[in-house]
Amino acid sequence: MTTYNSPSYDETFVAADEPRPACRSFVDRLQAIPRDELRARQHAAEVSLRNLGITFNVYGHEDGTEKVWPFDLVPRILEQSEWTRVEAGLRQRIQALNLFVDDVYNERRILADGTLPEEMILGAPTYRKQMEGFRPARSVWCHISGVDLIRHADGTIYVLEDNLRCPSGVSYVLENREVMKRTFPQVFDGTSVAPVEEYPERLLETLLDCAPPYATHPTAVVMTPGIYNSAYFEHTFLAQQMGVELVQGSDLFVDNGFVYMHTTHGPERVDVIYRRIDDDFLDPESFREDSALGVAGLIDAYRRGNVTLANAPGTGIADDKAIYSYVPQIIRYYLKEDPILENVPTFICADDKQREHVIANVQDLVVKPTNESGGYGILIGPHATQEEREACVARIRENPRNYIAQPMLNLSTVPTLAGDQLAPRHVDLRPFVLCGKEIYVMPGGLTRVALKEGSMIVNSSQGGGSKDTWVLRTSNGRASSDNHAAH
Amino acid sequence: MLSRVADSLYWMSRYVERAENVARFIDVNYNLTLGEGDGLSGQWAPLVDTTGDHEDFKKLYGEASRDNVVQFLAFDERNPNSILSCVSRARESARSVRETITSDMWEALNKFYLMVRSAARSPNRLAGAYAFCDAVRVASHTLIGITYTTMSHGEAWHFLRMGRLIERADKTSRIVDVQYYLLLPSPDDVGSSLDVVRWSALLRSTSALSMYRRVHGQITPNRVADFLILDRDFPRAMRFCVLRAQNSLDEITGARSGTFRRRSEQLFGRMRAVLDYTAIEDVIARGMHEYIDEFQTRLNEIGAAIQADFFTQGDLEPLAQSQRQS
């Protein structure tokens with residue numbers, strides 16, 4: 001290998017040719033594989049993904065909207081003890097956010113005692129008035145969450161954002177592992193990697209746990225906006241893995257406060273809907289009238305407690321990027337604990353003083369819209385042109401509530417196949433958390449990688465790829481060095 | 001199962017079957033015309049009649065030649081019944097029900113699609129058409145085999161099978177109709193000197209030659225027609241297809257054989273009963289073309305009844321919805 005030098009914290013190497021202790025045996029095995037063999041495997045993996053039709057859709061491309069998501073063969077490795085801490089932090093965070101949403105739509109204690117500014121919540125575009133005074137089954141709002149984590153150059157893991165509406169990507173975690181095992185079995189030798197394969201079972205359990213209490217044998221379905229949605233592959237994948245129907249709005253109807261689907265043998269009642277469609281499109285009677293995707297009367301049936309929606313409508317209030325900066329307070333407020341995971345310092349443009357700071361330092365900051373995902377609408381100050389910065393400042397002044405800013409973080413890197421070489425490429429991590437009767441955190445999660453040298457944009461819509469993510473199980477932290485000794 | 005899903009499954013297998021049959025048509029015509037000099041260039045026009053797309057063809061290409069017929073039937077996206085169009089639509093249908101079919105089936109169909117698409121883009125596509133047709137047939141058979149062995153033989157499977165068999169019955173009837181007409185242009189020609197090569201090509205186009213030999217031995221026009229229309233056991237024979245498709249419908253509805261509650265069950269039962277008690281002499285007496293014409297009309301009625309009984313019942317709902325909104 002030519003010299004491997006990470007411009008940031010590297011997940012695999014401490015320094016060039018010096019792997020981190022947990023990665024040592026893996027690096028040995030990797031280095032034993034000739035480069036052309038590695039490239040051949042990478043090619044085999046790509047063919048396999050193409051044949052499996054594991055694709056995502058890119059909006060705004062009329063021709064060939066289906067793209068195979070680039071997959072890189074070199075896994076990202078997380079050491080067990082560190083993961084244990086991350087997992088505890090995720091549980092804590094989701095538990096607190098769930099209590100927060102429940103409180104906001106009901107008692108509003110956190111607003112009444114002034115811990116959070118009221119206008120921040122009630123004025124948010126993600127706030128759903130329709131949910132006021134409503135409490136879902138088991139008081140669970142955020143059944144499925146994806147929390148974006150990054151590691152900065154200083155080695156600290158930060159929470160970048162919470163995704164509590166329709167987080168996607170979990171199917172890629174499962175497929176990446178599958179493809180990895182198919183095309184690269186030898187790198188698993190002698191390693192104990194925490195399994196991810198139980199996710200569909202856990203997801204089904206979570207959905208059924210939260211069914212309306214009357215349903216003794218509840219029927220769950222996955223609801224998709226249809227084949228043109230960017231995450232359609234995932235919708236079919238999850239429905240198939242759980243063995244439930246994948247429905248579209250036109251397959252459902254509401255009769256007398258209950259939800260049914262049209263089947264070849266007449267109507268069949270539906271009790272739990274894992275909906276992968278935004279709040280606004282769920283029900284033309286309650287939200288957007290022009291929604292052709294939704295089901296008339298669905299929200300009425302929901303408020304009567306006759307059907308469970310996962311996630312509950314209204315959870316967007318807790319993943320709003322402006323609310324994000326209050327999550328540490330939210331955790332302390334509801335759980336009386338200190339947050340385990342760090343938040344990225346965040347400037348809220350709605351606040352006069354913070355806004356002036358952002359405007360004065362826009363060249364050093366990353367400015368994000370509070371209510372967008374997929375990396376759309378983000379300004380990376382240090383990389384932007386003067387014109388772009390000025391346009392951004394104008395947008396902030398026009399609608400300050402819509403923007404936050406954060407310092408530029410230097411994402412950690414993982415060795416990635418670039419041509420013949422392994423080169424450092426920046427990554428993030430999205431673990432998935434399920435919340436039903438209990439909380440389940442999938443080990444690892446989705447590692448997204450920016451395939452372009454130096455790029456920090458990992459989004460699939462903007463040239464990102466993904467990697468398998470290994471949480472290495474070690475017995476008392478010894479196994480990895482033992483393995484090494486055996487080589 | 002969901003009406004929409006049943007609909008997509010039914011059409012998915014119909015499209016795959018259609019693609020396979022078009023490949024068979026092209027294949028056998030190659031066989032017939034090779035080595036026949038220029039005299040048989042007219043032989044390519046009837047092929048377009050077989051698929052029922054002669055008007056579209058005329059508009060797009062005008063005069064029929066080997067190359068433009070093959071291009072039209074195999075690779076032209078503007079022809080909704082070309083192999084490329086059929087396989088693309090089958091894949092689109094499969095995508096919309098990907099949770100219902102097995103991943104092995106999806107992978108096979110996806111590979112099928114990628115193969116057809118890359119062939120359609122190849123500059124040598126016309127020269128390689130013979131091999132291409134073979135590959136299409138193999139891909140279709142592979143998919144059928146994978147479906148048989150990986151998917152539960154429940155409702156979804158029966159919708160797939162029913163769609164496939166209805167499509168196959170239709171296509172066999174068309175090829176018998178057209179080829180019979182070509183081989184025996186006028187009633188006076190019945191019993192005239194027999195072109196064994198051509199009749200065996202017809203059998204080969206339906207993969208029927210060796211099975212035919214076992215049952216009937218020598219090739220005579222009436223026996224060939226008998227075999228392709230009325231054989232009970234040959235999987236591409238029209239009667240076989242109707243029998244098994246009706247069986248799938250019974251499995252779907254749970255109806256006892258010989259009873260019916262839905263229109264589709266009634267129509268299928270009737271068609272099957274008529275086929276059960278028809279002899280090839282009856283068909284000849286009636287007139288081959290007339291007989292097949294009626295068969296196709298009946299089959300279309302069944303298709304429409306299936307549509308109404310199982311797939312479109314849900315369409316009433318959006319109507320009611322829009323009425324409530326206005």
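Since the model is a prediction, treat every value here as computed from it, not as a measurement.

Draft legend 1. Spatial organisation of the packing of helix α1 (residues 3–33) of chain B against helix α15 (residues 288–311) of chain B. All names here are of chain B. Where α1 contacts α15, the axes come no closer than 9 Å and their chain directions differ by 150 degrees. Relative to α15, the element α1 is oriented roughly antiparallel. When α1 is examined against α15, the residues Ser 3, Ala 6, Asp 7, Tyr 10 and Trp 11 are found in contact with a partner set consisting of Gly 303, Ile 306, Gln 307, Phe 310 and Phe 311. Here the contact of α1 with α15 is built from residues that sort into six nonpolar, three polar and one charged.

Draft legend 2. Representation of the sheet that holds strand β11 (residues 258–263) of chain A within the structure. All names here are of chain A. Pairing within the open sheet is antiparallel, and its three strands lie in the order β10-β11-β12. Of all strands in the sheet, those bounded by a partner on one side alone are β10 (252–255) and β12 (266–269). The mean inter-strand angle of the sheet, taken between neighbouring strand axes irrespective of direction, is 45 degrees. Taken together, the four bridges between β11 and β12 define a ladder with antiparallel strand orientation. When the bridges of β12 are listed, His 262 appears paired with Pro 267.

Draft legend 3. Summary view of the interface of chain B and chain A. Counting residues at the interface gives 34 residues for chain B, matched by 33 residues for chain A. Summed over both partners, the interface of chain B with chain A comes to about 2,700 Å²; 43% of that surface belongs to carbon and sulfur atoms. On the chain B side of the contact with chain A, B:Leu2, B:Arg95 and B:Glu99 bury the most area, a combined 25% of that side's loss. Where chain B packs against chain A, one counts two salt bridges.

Draft legend 4. Examining the domain arrangement of chain B more closely. All names here are of chain B. Domain annotation for chain B reports domain 1 (1–151) and domain 2 (152–313). Taking the mean C-alpha position of each, domain 1 and domain 2 sit 20 Å from one another. On the domain 2 side, the residues contacting the 33 residues of domain 1 number 33 residues. It is Tyr 10, Arg 24 and Met 151 that lose the most area in domain 1 upon contact with domain 2, and together they represent 20% of the buried surface on that side. Our count for the contact surface shared by domain 1 and domain 2 stands at five salt bridges. Here domain 1 is connected to domain 2 by 14 residue pairs in polar contact (both at pLDDT 80 or more). Looking at the side of domain 1 that touches domain 2, the elements with two or more residues in it are α1, α2 (45–51) and α7 (129–150). If you tally residues by element for the side of domain 1 that touches domain 2, the top one is α1, at 19 residues. Grouping the constituent residues of the side of domain 1 that touches domain 2 by class yields 14 nonpolar, 12 polar and seven charged.

Draft legend 5. Looking closely at helix α2 (residues 35–52) of chain A. Spanning 18 residues, α2(A) covers 26 Å between terminal C-alpha atoms, matching the ideal 26 Å at 1.5 Å per step. At the C-terminal side of α2(A), A:Gly53 shows a positive phi close to 65 degrees.

Draft legend 6. Just the state of the cysteines, in detail. Residues and elements named next belong to chain A. The final tally for this structure, using the stated rule, is zero disulfides over all chains. Not part of a disulfide, Cys 142 finds its nearest cysteine sulfur in Cys 435, a span of 7.2 Å. Between Cys 392, a free cysteine, and Cys 349, which holds the nearest cysteine sulfur, the sulfur-to-sulfur gap is 8.0 Å.

Draft legend 7. Focus on the confidence of the model for chain A. Looking at chain A as a whole, its pLDDT mean stands at 89, while 94% of the residues score no less than 70. Note that pLDDT drops below 50 for residues 476–487 of chain A; the model gives that stretch 11 contacts with residues more than four away or on any other chain.

Draft legend 8. Region of interest: unusual backbone geometry. Residues and elements named next belong to chain A. Of note, the bond from Ala 310 into Asn 311 is cis; its omega dihedral lies within 30 degrees of zero at -5 degrees. Inspection of the secondary structure assignment puts Asn 311 in the loop between β14 (308–310) and α10 (316–319). Despite not being glycine, Asp 17 has its phi angle at roughly 65 degrees, a positive value. Looking at where Asp 17 falls in the secondary structure, it is placed in the loop between β1 (13–15) and β2 (18–19). Residue Ser 139 is not a glycine yet carries a positive backbone phi of 55 degrees. Along the chain, Ser 139 falls in the loop between α5 (118–122) and β6 (144–151).

Draft legend 9. Broad picture of the packing of aromatic side chains. Here the structure, examined in full by the defined rule, presents 26 aromatic pairs over all chains. Ring centres of A:Tyr4 and A:Phe13 lie 5.1 Å apart, and the angle between their planes is 45 degrees; this geometry places the pair in the tilted category. Each member of the pair, A:Tyr4 together with A:Phe13, is buried. Considering the side-chain rings of A:Phe188 and A:Trp470, the 4.8 Å spacing of their centres and the 35 degrees angle between planes classify their relative orientation as tilted. Here A:Phe188 is found in the loop between α6 (170–183) and α7 (199–209), whereas its partner A:Trp470 is found in strand β25 (residues 464–472), with 282 residues between them in sequence. Taken individually, A:Phe188 and A:Trp470 each receive the classification buried, so the pair is uniform in this respect. Connected via pairs of aromatic rings, a cluster forms that spans B:Tyr10, B:Trp11, B:Tyr15, B:Phe159, B:Phe310 and B:Phe311. Here the guanidinium or amino end of A:Lys336 rests over the ring plane of A:Tyr333, the centre of that ring lying 5.7 Å away.

Draft legend 10. Just the environment of A:Asn343, in detail. Residues and elements named next belong to chain A. Mapped onto the elements of the fold, Asn 343 is located in strand β15 (residues 342–343). Owing to a relative accessible area of 13%, Asn 343 belongs among the buried residues under this scheme. Expressed as a C-alpha distance, the spacing of Asn 343 and Thr 264, which sit 79 residues apart in the sequence, is 51 Å. Here Asn 343 is in contact with Arg 93, Tyr 158, Val 159, Tyr 324, Ser 325, Val 327 and Pro 328, once residues within four sequence places are set aside. In this structure the side chain of Asn 343 is engaged in a polar contact, spanning 3.0 Å, whose partner is the side chain of Arg 93. Among the polar contacts listed, one links the side chain of Asn 343 to the backbone oxygen of Tyr 324, at a separation of 2.9 Å.

Draft legend 11. Just the environment of A:Thr413, in detail. Residue and element names in this part refer to chain A. Examined against the element boundaries, Thr 413 turns out to sit in strand β20 (residues 413–418). Thr 413 gets classed as buried once you look at its relative accessible area, which sits at 0%. Along the backbone, Thr 413 and Pro 225 are 188 residues apart, and their C-alpha atoms lie at a distance of 35 Å. At 2.6 Å, the side chain of Thr 413 forms a polar contact with the side chain of Asp 10.

Procedures and definitions
- Residues numbered from 1 in each chain as written.
- Chains lettered and ligands numbered in written order.
- Predicted model: local features only at pLDDT ≥ 70, side-chain atom pairs only at ≥ 80, totals over all residues.
- Heavy atoms only, no water.
- Axes fitted to C-alpha atoms, helices over the stretch in contact; angles between N-to-C directions.
- Helix = DSSP H or I, 4+ residues; strand = E, 2+ residues; numbered from the N terminus.
- Parallel < 35°, antiparallel > 145°, perpendicular 65-115°, else oblique.
- Contact = heavy atoms within 4.5 Å.
- Nonpolar A, V, L, I, M, F, W, Y, C, P; charged D, E, K, R; others polar.
- Pairing = 2+ DSSP bridges.
- Buried area = accessible area lost by both parts, 1.4 Å probe.
- Salt bridge = Lys/Arg side-chain N within 4 Å of Asp/Glu carboxyl O.
- Domains from an automatic or database assignment.
- Polar contact = N/O pair within 3.5 Å; in protein donor to acceptor, adjacent residues only side chain to side chain.
- Expected span 1.5 Å × (residues − 1).
- Disulfide = S-S within 2.5 Å.
- pLDDT = per-residue confidence, 0-100.
- Phe/Tyr/Trp six-rings, centres within 6.5 Å; stacked < 30°, edge-to-face > 60°.
- Buried < 20%, exposed > 50% of the residue type's maximum accessible area, 1.4 Å probe, protein only.
- Lys NZ or Arg CZ within 6 Å of the ring centre and 35° of its normal.

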